[in-house]
Amino acid sequence: MDKDIQKILVSEEELDTIVRRVAAQIDQDYAKREGGRLILLGILKGSVVFMGDLMKRIRTPVEIEFMRVSSYGSGTVSSGDIRIILDVSIKEIQNCDILIVEDIIDSGRTLSYLVDYFKLKGARSVRTVTLLDKPARREVEFTPDYVGKQIPDEFVVGYGLDYDEKYRALPYVGVLDPKAYQGNS
Ligand code: PRP
């Protein structure tokens, strides 16, 4: 275990089980639709490891796209303060089924914004999948379609999630030791 990790919250084995379960749910649901293109749309950077594992387990033919957004953060800012840093072009998503792939939901602002954004851009359907969900942190009402695991309000890193761009490559999700960020935040 990395020296800065206090405890492992989701082990490699559990992550594998989660990915297989979520992929099976997605396959089952999308088998019911009539034709069309299914696009897995990963939100950079945190989703990249989950996205890579998930796409290998989904049997339904998929295409992939990526977006990067940044949030104007903090609870003092009103809803919808999302800035798009890397977008997808309209022709890539019009009349497609979009499944937005996230690593974690906190306030719910990012996904709440993006679901509306893709509907307005002409997607045929928009659903969301997140590896981790922290319901205790919600500031806007938002319920993802697929959830890997609900977790308590702890500072987690690994499997794509970072602190100050570090720890993304850890193969598990762990709780960061407060000593690793004390005095820095
Ligand atoms: C994280 C995460 C989501 C968002 C969730 O991204 O990947 O995109 O925050 O938060 P919300 O529910 O409060 O909107 P972050 O801004 O840390 O960027 P990163 O994925 O590049 O690490």
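Residues numbered from 1 in each chain as written. Predicted model: local features only at pLDDT ≥ 70, side-chain atom pairs only at ≥ 80, totals over all residues. Heavy atoms only, no water.

Colleague: Please give an account of the environment of Asp-16 that cites residues and values.
Modeller: Counting through the fold element by element, Asp-16 comes out in helix H1 (residues 12–30). Among the residues examined, Asp-16 registers a relative accessible area of 31% and is labelled partly exposed. Each C-alpha atom, one on Asp-16 and one on Arg-57, is 9.8 Å from the other, the two residues being 41 residues apart in sequence. (Helix = DSSP H or I, 4+ residues; strand = E, 2+ residues; numbered from the N terminus. Buried < 20%, exposed > 50% of the residue type's maximum accessible area, 1.4 Å probe, protein only.)

Colleague: Can you lay out the pairing of strand S3 (residues 63–71) for me, pointing to particular residues and giving the numbers?
Modeller: By the bridge criterion, six bridges tie strand S2 (residues 38–44) to S3 in an arrangement that is parallel. Bridging across to S3, Gly-42 finds its partner in Phe-66. Here four bridges tie S3 to strand S4 (residues 82–86), and the two strands are oriented antiparallel to one another. Considered in S4, the bridge of Arg-68 is made with Leu-86. (Pairing = 2+ DSSP bridges.)

Colleague: A description of unusual backbone geometry should follow, citing residues and the corresponding values.
Modeller: Peptide bonds are, in most cases, trans, and in most cases residues other than glycine have a negative phi. In the segment running from Leu-44 into Lys-45, the intervening peptide bond is cis, with an omega of 0°. Relative to the elements of secondary structure, Lys-45 occurs in the loop between S2 and helix H2 (48–57). The residue Asn-95 is not glycine, and still its phi comes out positive at about 60°. Assignment of secondary structure puts Asn-95 in the loop between helix H3 (90–93) and strand S5 (97–105). The phi angle at Tyr-167 is positive, at roughly 75°, despite the residue not being glycine. Position of Tyr-167 among the secondary structure elements: in the loop between strand S8 (156–157) and strand S9 (173–176). Take Tyr-167: its relative accessible area is 12%, and that puts it in the buried class.

Colleague: So what's going on with the layout of surface pockets? Residues and values would help.
Modeller: Taken as a whole, the largest pocket encloses approximately 970 Å³ of empty space. Surrounding the largest pocket, 32 residues form its lining, Ser-71, Asp-103, Ile-104, Asp-106 and Thr-110 being those nearest its centre. Of all the secondary-structure elements, those providing two or more residues to the lining of the largest pocket are S2, S3, S5 and helix H4 (109–120). Looking at the lining of the largest pocket residue by residue, the class counts come to nine nonpolar, ten polar and 13 charged. (1 Å grid on protein atoms, 1.4 Å probe; cavity = no way out; pocket = protein on both sides within 12 Å on 5 of 7 lines; lining within 4 Å. Points joined across faces, edges and corners; volume = space filled by probe spheres on them. Nonpolar A, V, L, I, M, F, W, Y, C, P; charged D, E, K, R; others polar.)

By themselves these figures say nothing about function.
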